[in-house]
Amino acid sequence: MRFFFDTQDRLRIADEVGREFEGPSDAVVFAKHLAADLRCLATAVRPQLAIEVVAENAGCIHREPVF
């Protein structure tokens, strides 16, 4: 199943490629790791920054805040 990881702050950046995972729980775990990576790289705290997990056929299934 393909999932997309859109980044949203003030503007939305759509993931046009996505990644394959066996199920939604694997995609959510990946989003948590991705958010942790972004936290480590950030130079400033941006409270609105989040990663939205979008399933190919189901829409947004999870929103992971970065901060």
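These numbers were taken from a predicted model, which means no experiment stands behind them.

**Notes on the environment of A55**
Then step 1. In this fold, A55 is placed in strand 4 (residues 50-55).
Then step 2. Classification of A55 as buried rests on a relative accessible area of 4%.
Then step 3. Distance in space between the C-alpha atoms of A55 and T43 is 30 Å, their sequence separation being 12 residues.
Then step 4. When neighbours within four sequence positions are excluded, A55 is seen to be in contact with M1, R2, F3 and I61.

**Brief notes about the pairing of strand 5 (residues 59-65)**
Then step 1. Of the strand pairs in this sheet, strand 4 and strand 5 are connected by 6 bridges, and their pairing is antiparallel. Across the sheet, I51 pairs through a bridge with E64, a residue of strand 5.
Then step 2. Between strand 4 and strand 5, which pair antiparallel one after the other, the connecting turn spans 3 residues.

**Section: the nonpolar core**
Then step 1. Formed by F3, F5, F21, A27, A31, A35, L49, I51, V53, A55 and V66, the largest nonpolar core amounts to 11 residues.
Then step 2. At the level of elements, strand 1 (2-8), helix 1 (24-41) and strand 4 are the ones that each hand at least two residues to this core.
Then step 3. Here A27 is in contact with F3, F5, F21 and V53, once residues within four sequence places are set aside.

How each quantity is defined
As a convention, each chain's residues are numbered from 1 in the sequence order in which they are written. Totals for whole chains, interfaces and linings use every residue, but because this is a predicted model, local features are given only for residues with pLDDT of at least 70 and side-chain atom pairs only at 80 or more, for both listing and counting. Side-chain descriptors were evaluated using all non-hydrogen atoms of the structure, hydrogens and water having been removed beforehand. Numbering goes from the N terminus for both helices and strands, where a helix is a DSSP run of H or I of at least four residues and a strand is a run of E of at least two. Each residue gets one of three labels from its accessible area relative to the maximum for its type: buried under 20%, exposed over 50%, partly exposed in between, using a 1.4 Å probe on protein chains only. Note on contacts: a residue pair qualifies if any of its non-hydrogen atoms lie within 4.5 Å across the two residues. Pairing between strands is defined by DSSP: at least two bridges between them are needed. Joining through side-chain atoms within 4.5 Å is the link that ties buried Ala, Val, Leu, Ile, Met, Phe, Trp, Tyr and Cys residues into a set, and such a set is a nonpolar core.

In short, geometric facts, not functional conclusions.
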